[in-house]
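Inside the fold
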Amino acid sequence: MEEKITMTERWLRKHSLLYVGATRHPFIRSIRDGNIDLSSFKTWLGQDYIFVRAFVPLVSSVLTNAWKGSDDSSNDMEVILGGMAALNDEIAWFKKEASKWDVHLSNIVSQKANQEYCRFLESLMNPEVKYTVAIVAFWAIEAVYQESFAHCLEDGCKTPAELQETCQRWGNEGSGLYCNSLRKIADRQLQKASDDVKTKAEVAFLRVLEHEVDFWNMSYGGT
Ligand SMILES: Cc1ncc(CN)c(N)n1
């Protein structure tokens, strides 16, 4: 009998090379192995602060679409709102962390990979983009960080003490549960989507993975 798998599971298997590339990037491995170049970490910190600020309007637009959606999306609002609240904390955390590392957030200029990723986020806010496509992208964005940083918290990792808090922020168990909730929403939406929407959602999933790899590459360069 053919195994019944969800659409997100199918894509994770089909695009496993790219997914592993995004979640096991050398930047993440260098944190895990304890040999991260701190200038790379500082670059990531400043650039991600800019990214997170641009991510908030996308989450807000997904939230609006959940509110407008059908009955079976009424619970989605709580999940997305939880994500929004976490972003509020995240912005405050970036400010605190930046001052700890002597990174001046007001002087940071967005680098090319970051600009392109933020432009992609903006494209997902276009009214023509279906809720299903946006929620798939949203799940993938959150899942890559969750899985990447959880990898730095596994037994036997040499993650430096001063980066433990960063890894906990995205890699903790609660964050894993939140990503699972987003994934369930994505799969429920995909189940009832047309082939055209499914294809667009798969493309959005792939774009997220590519942008995430570029984002790590940019940070790894440390400039
Ligand atoms: C680039 C990036 N991707 C994902 C996340 C998780 N919110 C983030 N903070 N930054």
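Residues numbered from 1 in each chain as written. Predicted model: local features only at pLDDT ≥ 70, side-chain atom pairs only at ≥ 80, totals over all residues. Heavy atoms only, no water.

1. Some details on the packing of helix α2 (residues 16–23) against helix α10 (residues 195–221)
The criterion, for reference: Working convention: axes come from line fits to C-alpha atoms, limited for helices to the stretch in contact. Angles between N-to-C directions cover 0 to 180 degrees. Only DSSP runs of H or I reaching four residues or more are called helices, and only runs of E reaching two or more are called strands; each is numbered from the N terminus. For any pair of crossing helices, the crossing counts as left-handed if the nearer helix is rotated counterclockwise from the farther one by less than a right angle, and right-handed if it is rotated clockwise. Two residues qualify as a contact provided that any one of their heavy atoms is within 4.5 Å of a heavy atom in the partner residue. In this count, Pro and Cys sit with the nonpolar residues alongside Ala, Val, Leu, Ile, Met, Phe, Trp and Tyr, while Asp, Glu, Lys and Arg are called charged and the others, Gly among them, polar.
Contact pair α2 / α10: the axes reach a minimum separation of 8 Å and the direction vectors enclose 35°. By crossing handedness, the relation of α2 to α10 is classed as left-handed. Contacts between α2 and α10 pair L18, Y19, G21 and A22 from the former with F205, L206, L209, E210, E212, V213 and W216 from the latter. Split into classes, the residues belonging to the contact of α2 with α10 amount to eight nonpolar, one polar and two charged.

2. Quick word on the packing of aromatic side chains
Quick reminder of the rule: When two rings of Phe, Tyr or Trp (its six-membered ring) have centres within 6.5 Å they constitute a pair, described as stacked for plane angles under 30 degrees, edge-to-face for angles over 60, and tilted for the intermediate range. Accessible area is worked out with a 1.4 Å probe on protein chains only. A residue is then buried under 20% of its type maximum, exposed over 50%, and partly exposed in between.
Under the criterion given, the structure shown has 24 aromatic pairs. With a centroid separation of 5.5 Å and an interplanar angle of 35°, the aromatic rings of F41 and W44 are classed as tilted. Of this pair, F41 and W44 both sit in helix α4 (residues 38–68), three residues apart, which is roughly one turn of that helix. Residue F41 is classed as buried on the basis of its relative accessible area of 0%. On the basis of an interplanar angle of 35° and a centroid distance of 6.4 Å, the ring pair of W44 and Y145 is categorised as tilted. You can see W44 sitting in helix α4 and its partner Y145 sitting in helix α7 (residues 131–151), a full 101 residues away along the chain.

3. Comments concerning the site of the ligand
The condition that has to hold: What makes a residue near a molecule or strand is one non-hydrogen atom of that residue sitting within 4 Å of it. Whenever two N or O atoms come within 3.5 Å, that pair is a polar contact, provided that in protein one can donate a hydrogen and the other can accept it, and provided that, for residues adjacent in sequence, both atoms are side-chain atoms. What sets the accessible areas is the Shrake-Rupley method with a 1.4 Å probe; for residues, cover comes only from the shown protein chains.
Around the ligand sit D48, F51, V52, F55, E90, Y117, I141, E142, Y145, W170, E212 and F215, and those are all the residues in its vicinity. For the ligand, a nitrogen atom lies 2.6 Å from a polar atom in the side chain of D48. In the model, a nitrogen atom of the ligand is placed 2.7 Å from a nitrogen or oxygen of the E212 side chain. Contact with the protein chains hides 100% of the accessible area of the ligand, taken as 290 Å² for the molecule alone. Counting residues per element, the shell around the ligand draws most heavily on α4, at four residues. Residue classes in the shell around the ligand are distributed as eight nonpolar, no polar and four charged.

4. Overview of the UniProt feature "active site" (unreviewed entry) in the protein
Keep this limit in mind: UniProt positions are given in the numbering used here, feature names are shortened, and annotations may be inferred rather than shown by experiment.
The residues that UniProt annotates with the feature "active site" (unreviewed entry) are E212. You can see E212 is positioned in helix α10. What E212 contacts, discounting residues up to four positions off in sequence, is A22, Y117, I141, V144 and Y145. Here the side chain of E212 touches Y117 through a polar contact of 2.6 Å, side chain to side chain.

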